[in-house]
Amino acid sequence: MHSAGRSALYLLICSLLASACHWGDRSDKAARKVFDSYHEAVRQTVADPVRSSALQALGADLQPRLRTEVQLLEAMHHRLAELNANYDTPRGELEAYLAAMQQRRRAIRVMLLSARTEAIGLTTPQEWDQLYRRADSFIDWFGGEPEQY
Amino acid sequence: MYLLLFGGGLSVDPSLFPPEDALRKAVADPQRQELVLAAQRDVERAREALRADAIREYDALRKLSRDRASAEADWDAVFGRMDRDWSQAESATLDALYQMRAAMTPEEWQAVFAPPWYRRLLP
């Protein structure tokens, strides 16, 4: 991962998501680094102090919520493995649990899309483009190849 | 990561994918082993199908994310396809897993799926 000069809301989001999957001390540091970088990018790109502050607050609000959501999902992965390891677990119980996991992922989607919509409302088209160009693309930032995930 | 969080990832939960060598080791009876390995191949096929579907949606998600004017309906369309693909893969995986389970004893199942092997795959 290379983060220099690639900060934007999406980078922040994705760094949080990436670190959330393995949310140890090291990943927390990485998330903080990108979080700081995001703040810097917003400060440089959005001159209006009110909108700039709102964008930074958006990121600050998102970080703990995402962390919680992903930790919940991580715990569900462990529980699913335990359920499957039990020979007597009925299929319906596994199906219900997988559905619950998917519901959790949908909740994360809603959260991210909501943040995106809010960020769009806080930026001009030019600022959005600038932030996005700085980010290249948050997918590229993670290595660019979907096969990696 | 994008696909993992937005779409559920490229694979059904890894704890549901038994390693072939563990199956061979756990099920010594050749007839039942063949049934188990056939089911394991079905699991792998479901996994590969989901991966192909997810990669196909990758570009769509990428374009939407860049487009400031992308509408909610555009996102819903992609997510709807991904949810459908995901559900199909999970269903196929469970079909195969329960076929496999029927051909194994509880002890064999426990030997394959109990910790610690799957823990290596988890975060």
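Model, not experiment: these values are computed from the prediction.

## What about the overall build of chain A?
Then step 1. Assigned secondary structure in chain A consists of 6 helices and 0 strands.
Then step 2. Its helices and strands in sequence order give chain A the pattern α-α-α-α-α-α, from N to C terminus.
Then step 3. The proportion of buried residues among the 149 residues of chain A is 36%.
Then step 4. Summarising the internal contacts of chain A: among those between residues at least 6 apart in sequence, 73% fall at separations of at least 24.

## A short note on the overall build of chain B
Then step 1. When you go through chain B residue by residue, the secondary structure sums to 5 helices and 0 strands.
Then step 2. Along chain B, helices and strands appear, N-terminal first, in the series α-α-α-α-α.

## Quick look at helix α3 (residues 30-66) of chain B
Residue and element names in this part refer to chain B.
Then step 1. Taking 1.5 Å per residue as the helical rise, α3 with its 37 residues ought to reach 54 Å, and the 54 Å between its terminal C-alpha atoms agrees with that figure.
Then step 2. At Glu57, α3 shows its largest bend, some 30°.
Then step 3. Those residues of α3 that sit buried are Val36, Ala39, Gln40, Val43, Ala46, Arg47, Leu50, Ala54, Tyr58, Leu61 and Ser65.

## Quick look at the nonpolar core
Then step 1. The biggest cluster of nonpolar side chains holds 25 residues, and the ones touching the most others in it are Val36, Ala96, Leu97, Met100 and Met104 of chain B.
Then step 2. Taken together, the elements giving at least two residues each to this core come down to α4 (91-121) of chain A together with α3, α4 (72-102) and α5 (106-113) of chain B.
Then step 3. Formed by 16 residues, the second largest nonpolar core is a distinct cluster that contains Ala41, Leu58, Leu122 and Tyr132 of chain A.

## A word on the packing of α4 of chain A against α4 of chain B
Then step 1. As a packed pair, α4 of chain A and α4 of chain B sit with axes 11 Å apart at the nearest point and diverge in direction by 160°. By the angle between their directions, the pair α4 of chain A and α4 of chain B is classed as roughly antiparallel. Taken as a pair, α4 of chain A and α4 of chain B cross one another with a handedness that is right-handed. Mapping the contact onto sequence places Arg91, Leu94, Glu95, Leu98, Gln102, Arg109 and Leu113 of chain A in α4 of chain A and Trp75, Phe79, Trp86, Glu90, Leu94 and Tyr98 of chain B in α4 of chain B.
Then step 2. Residues that form the contact of α4 of chain A with α4 of chain B fall into these classes: 8 nonpolar, 1 polar and 4 charged.

## Observations concerning the packing of α3 of chain B against α4 of chain B
Then step 1. Packing of α3 of chain B against α4 of chain B brings their axes to within 8 Å, and their N-to-C directions diverge by 170°. On the basis of the axis angle, α3 of chain B is roughly antiparallel to α4 of chain B.

## A look at α5 of chain B
Then step 1. Buried within α5 of chain B we find Glu108, Trp109, Val112 and Phe113 of chain B. Considered in projection along α5 of chain B, the buried side chains sweep an arc of 110° and stay on one side of the axis. The exposed residues of α5 of chain B that point more than 90 degrees off its buried face are Pro106 and Glu107 of chain B.
Then step 2. In this structure, the buried side of α5 of chain B is in contact with α3 (49-85) of chain A together with α2 (20-26) and α4 of chain B.

## A closer look at the environment of Tyr87 of chain A
Then step 1. Mapping Tyr87 of chain A onto the fold places it in the loop between α3 and α4.
Then step 2. Once residues within four sequence positions are removed from consideration, Tyr87 of chain A is found in contact with Arg101, Pro106, Trp109 and Gln110 of chain B.

## Quick notes on the confidence of the model for chain B
All names here are of chain B.
Then step 1. Chain-level statistics for chain B give a pLDDT mean of 81 and a share of 81% at 70 or above.
Then step 2. Taken as a whole, residues 1-10 scores under 50 in pLDDT and shows 34 contacts with residues more than four places along the chain or in a different chain.
Then step 3. ipTM for the predicted complex: 0.83, alongside a pTM of 0.77.

## Quick word on the confidence of the model for chain A
Residues and elements named next belong to chain A.
Then step 1. Averaged over all residues, the pLDDT of chain A equals 72, while 65% of them reach at least 70.
Then step 2. Within chain A, the element-level pLDDT minimum falls on helix α6 (residues 138-141), averaging 40, and the maximum on α4, averaging 88.
Then step 3. Per-residue pLDDT stays below 50 along residues 1-9; that stretch engages in 27 contacts with residues further than four places along the chain or on separate chains.
Then step 4. The low-confidence segment residues 15-26, where pLDDT is below 50, has 28 contacts with residues more than four positions distant or belonging to other chains.

Calculation rules
Residues numbered from 1 in each chain as written. Chains lettered and ligands numbered in written order. Predicted model: local features only at pLDDT ≥ 70, side-chain atom pairs only at ≥ 80, totals over all residues. Helix = DSSP H or I, 4+ residues; strand = E, 2+ residues; numbered from the N terminus. Buried ≥ 20, exposed ≤ 12 C-beta atoms within 10 Å, placed from the backbone. Contact = placed C-beta atoms within 7 Å. Expected span 1.5 Å × (residues − 1). Bend = angle between axes of the 7 residues up to and from the residue. Core = buried A, V, L, I, M, F, W, Y, C linked by C-beta atoms within 7 Å. Axes fitted to C-alpha atoms, helices over the stretch in contact; angles between N-to-C directions. Parallel < 35°, antiparallel > 145°, perpendicular 65-115°, else oblique. Left-handed = near helix turned anticlockwise from the far one by under 90°. Nonpolar A, V, L, I, M, F, W, Y, C, P; charged D, E, K, R; others polar. Arc of directions from axis to C-beta. pLDDT = per-residue confidence, 0-100.

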